[in-house]
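Examining the three-dimensional arrangement
Listed here are the chains, written in short residue letters.
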Amino acid sequence: MAKDKYIRFDWAMKRMLRDKANFVVLEGLLTVLLERKITILEILESEANQTDYDDKFNRVDIKAREENGDIIIVEIQNTRELYYLERVLYGASKAITEHISLGNSYAEVKKVYSISILYFDIGKGSDYLYHGVTNFVGVHTGDELSISAKQEGAIVRKMPREVFPEYYLIRVNEFNKVAKTPLEEWIAYLKSGEITADATAPGLPEAREKLRYYNMSPSERHVYDEHINAVMIQNDVLDTAKLEGLMEGRAEGRAEGRAEGRAEGRAEGRAEGRAEGRAEGERMKQLEIARNLKGLGLDIKAICQATGLTAEEVEGLSL
């Protein structure tokens, strides 16, 4: 099967898929993931509503409207965050509040879908796609609560999952299958940046034409290559920190276990070592990446966006 080099999807979403002419690519992913036809009517720019610098670069990237008025949130995240689930909840909650005006009826609250495409290890789990909804289940009876409401003279029953946000977590690096279904074709592209000649999933034929690497200008390719290099550096630093944390945790666990003769000593040592290793690794990652990007000549704002550091911290780094 013939292959070509394509722009990675996270980059394309930030730079190219905001163009209305390219909506069909993003629509294809959403249609496959949500299993129904999605038509994007507009991209809802919200950067003007940010309250601080960190907020501007750490919340959702793209929001679109479904034909029935539902809000679709698509999040792209390349770097690990200690509180990623809290970040996802924050993004969905802010999307809800931004799209209802003060004084409006709560009936105006729109359904939100939060879709996170994760290029990093978020935790344990054997699947590459996870879906979460809100249900209210009886503590004693085990039945699922449905809500009754009077609407236009009739009693309408709603399940909480029809109102509360739904969450999709796509763990790109966990996909290790031969793509056979439309969803698998999309995940394969998200992971490898390659689209096979026979891929027919909605949006991928258009992506094959619109997202070719060599269609970019030399200057655009240079910036894109620097972005990919920065991501690789981040992943290397994270993997090293994770390994060091595991090794330290096991060593501390064995030492405490021998000294105290208790199995919980080993468990606590491993847990503490991993936690300390992650925290230290997170800081190491930020500083190392920032130093490398500064050496490449990237501007301070772009480095802050990639690492989460403040402008003062970046300016204070020596090369």
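Structure's up top.
In this text the structure is predicted, and so the values were computed from the model without any measurement.

1. Comments concerning the overall build of the chain
Secondary structure assignment for the chain yields 10 helices and 7 strands. In the chain, which comprises 319 residues, the proportion classed as buried is 39%. Entry remark: accessible area of the chain is about 17600 Å², with carbon and sulfur atoms responsible for 52%.

2. Some thoughts on the nonpolar core
Grouped together as the largest cluster of nonpolar side chains are 47 residues, with contacts concentrated most on Phe9, Ile117, Trp186 and Leu190. Residues contacting Trp186, with those up to four places away along its chain left out, are Phe9, Val25, Gly28, Leu29, Val32, Ala201, Pro202, Gly203 and Leu204.

3. A few points about the environment of Leu169
Looking at the secondary structure, you find Leu169 in strand β7 (residues 166-171). Taking relative accessible area as the criterion, Leu169 reaches 17% and is therefore assigned buried. C-alpha of Leu169 to C-alpha of Ile122: the two residues are 47 residues apart in sequence and 9.5 Å apart in space. If near-sequence neighbours (up to four positions away) are discounted, Leu169 is found in contact with Ser116, Leu118, Ile122, Tyr128, Leu129 and Tyr130.

4. So, the packing of helix α2 (residues 23-34) against helix α5 (residues 182-192)
Packing of α2 against α5 brings their axes to within 9 Å, and their N-to-C directions diverge by 130 degrees. The orientation of α2 with respect to α5, classified from their angle, is oblique. As α2 packs across α5, the resulting crossing turns out to be left-handed. Of α5, the residues touching α2 (which contributes Val25, Gly28, Leu29, Val32 and Leu33) are Pro182, Leu183 and Trp186. Looking at the contact of α2 with α5, its residues break down into 7 nonpolar, 1 polar and no charged.

5. Re the packing of aromatic side chains
Overall, the coordinates contain 5 aromatic pairs when judged by the stated rule. Ring geometry for Phe9 against Trp186: centres 5.4 Å apart, planes inclined by 80 degrees, an arrangement best described as edge-to-face. Note that Phe9 is positioned in helix α1 (residues 9-15) and Trp186 in helix α5, a separation of 177 residues in sequence. Like Phe9, the residue Trp186 is buried in the burial classification. Feature note: the residues Phe9, Trp186 and Tyr189 constitute an aromatic cluster, connected by ring pairs. The lysine or arginine in question, Arg8, covers the ring of Tyr119, its NZ or CZ lying 4.2 Å from the ring centre. Lys111 extends its terminal NZ or CZ atom over the ring of Tyr113, reaching a point 5.4 Å from the ring centre.

6. Points about a nonpolar patch on the surface
On the surface, Phe136, Leu145, Ile147, Val163 and Phe164 cluster together into a nonpolar patch covering about 420 Å² of accessible area. With respect to the element layout, Phe136 can be found in the loop between β4 (129-132) and β5 (147-151). Residue Phe136 is classed as partly exposed on the basis of its relative accessible area, which comes to 38%.

Rules of the game
- Residues numbered from 1 in each chain as written.
- Predicted model: local features only at pLDDT ≥ 70, side-chain atom pairs only at ≥ 80, totals over all residues.
- Heavy atoms only, no water.
- Helix = DSSP H or I, 4+ residues; strand = E, 2+ residues; numbered from the N terminus.
- Buried < 20%, exposed > 50% of the residue type's maximum accessible area, 1.4 Å probe, protein only.
- Areas by Shrake-Rupley, 256 points an atom, 1.4 Å probe, with all protein chains shown as cover.
- Core = buried A, V, L, I, M, F, W, Y, C linked by side-chain atoms within 4.5 Å.
- Contact = heavy atoms within 4.5 Å.
- Axes fitted to C-alpha atoms, helices over the stretch in contact; angles between N-to-C directions.
- Parallel < 35°, antiparallel > 145°, perpendicular 65-115°, else oblique.
- Left-handed = near helix turned anticlockwise from the far one by under 90°.
- Nonpolar A, V, L, I, M, F, W, Y, C, P; charged D, E, K, R; others polar.
- Phe/Tyr/Trp six-rings, centres within 6.5 Å; stacked < 30°, edge-to-face > 60°.
- Lys NZ or Arg CZ within 6 Å of the ring centre and 35° of its normal.
- Patch = residues over 30% accessible without salt bridge, like charges linked within 9 Å, V, L, I, M, F, W, Y side chains within 5 Å.
- Salt bridge = Lys/Arg side-chain N within 4 Å of Asp/Glu carboxyl O.

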